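Examination of the molecular architecture
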Amino acid sequence: MTDEQVVSATRHWLEKAVIGLNLCPFAKAVYVKNQVRLVVSQARHADDLLEELDSELDRLVNTPAGELDTTLLIHPTLFEDFLDFNDFMEIAEGVLDEHELEGVVQLASFHPKFQFDGTEADDIGNYTNRAPFAMIHLLREESIERAVASFPRAEAIFEENIRTLEKLGHNGWQSLSAGSWV
């Protein structure tokens, strides 16, 4: 799969699922302003991906939010297994400490086989964090705080997402992707 195909599938997922279903009510504003950086990683090893994460963290904190508000570091091949990716995310969190960015940048994870602890693999709630590829989402804490302050009942977003996905169901989710993402 080419980088362009990976970006296209990711954009489709963002537009149809994340924004289209309003799974993240803050995503549309930065997406339409082109403040979301989509980076396709070709790293062959976790160490290489950590170096890319270092670079993307530096870019994010050294670029004004008006130009770059958030980054999706997409890896289409390295982490087929969700548990391996989940273990890697613990290491990635340590990178924030190394850069002294705790409280400045937050990491979120997405994966095609994402599974919350204590759920079954096919639980529809897992789809809130399912994406076409393994992704590390780098978010500015100040942007999150600003968005949450302007959004009534931000703490209810997760529960709303579960209700939305329950209404949509597995067949509805499949029709959203329509072969455009994995």
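Each remark here, short or long, concerns the structure printed above.
Report follows, based on the coordinates.

1. Side note on the overall build of the protein
Scanning the protein from N- to C-terminus turns up six helices and four strands. Its C-alpha atoms give the protein a radius of gyration of 16 Å, within 12% of the compact-globule value 16 Å for 182 residues. The dimensions of the protein, computed from C-alpha atoms along their principal axes, are 40 × 40 × 35 Å. Counting the 182 residues in the protein, one finds 46% classified as buried. Put simply, 74% of the contacts in the protein that link residues at least 6 apart link residues at least 24 apart. For the protein, the exposed surface amounts to about 9900 Å²; the carbon and sulfur share of it is 48%. Across the protein, the centroid of the 14 positively charged side chains sits 12 Å from that of the 33 negatively charged ones.

2. Overview of the sheet that holds strand E3 (residues 105-110)
Spatially, four strands are ordered E1-E2-E4-E3 in an open sheet, and the strand pairing comes out mixed. Looking at strand neighbours, the two that pair on one side only are strand E1 (36-40) and E3, the edges of this open sheet. Strand-to-strand, the axes of this sheet are offset by a mean angle of 20°, without reference to chain direction. Pairing between E1 and strand E2 (residues 70-75): five bridges, direction parallel. For Val39, the partnering residue across the bridge sits in E2 and is Leu73. Along the sheet, helix H3 (residues 46-61) contacts E1, E2, E3 and strand E4 (134-140); its crossing angle with E2, the most-contacted strand, is approximately 165°.

3. Examining the packing of H3 against helix H4 (residues 82-98)
Interaxial distance between H3 and H4 falls to 11 Å at its minimum, and their mutual angle equals 40°. Crossing of H3 against H4: the hand is right-handed. Contacts between H3 and H4 involve Ala46, Leu49, Leu50, Leu53, Asp54 and Leu57 from the first element and Phe88, Ile91, Ala92, Val95 and Leu96 from the second. Across the contact of H3 with H4, the residue classes break down as ten nonpolar, no polar and one charged.

About the cut-offs
Residues numbered from 1 in each chain as written. Predicted model: local features only at pLDDT ≥ 70, side-chain atom pairs only at ≥ 80, totals over all residues. Heavy atoms only, no water. Helix = DSSP H or I, 4+ residues; strand = E, 2+ residues; numbered from the N terminus. Rg over C-alpha atoms; globule rule 2.2 N^0.38 Å. Buried < 20%, exposed > 50% of the residue type's maximum accessible area, 1.4 Å probe, protein only. Contact = heavy atoms within 4.5 Å. Areas by Shrake-Rupley, 256 points an atom, 1.4 Å probe, with all protein chains shown as cover. Lys, Arg positive; Asp, Glu negative; His and termini not counted. Charge placed at Lys NZ, Arg CZ, Asp CG, Glu CD. Pairing = 2+ DSSP bridges. Axes fitted to C-alpha atoms, helices over the stretch in contact; angles between N-to-C directions. Left-handed = near helix turned anticlockwise from the far one by under 90°. Nonpolar A, V, L, I, M, F, W, Y, C, P; charged D, E, K, R; others polar.

Honestly, that's just the spatial picture; any functional story needs more than this.
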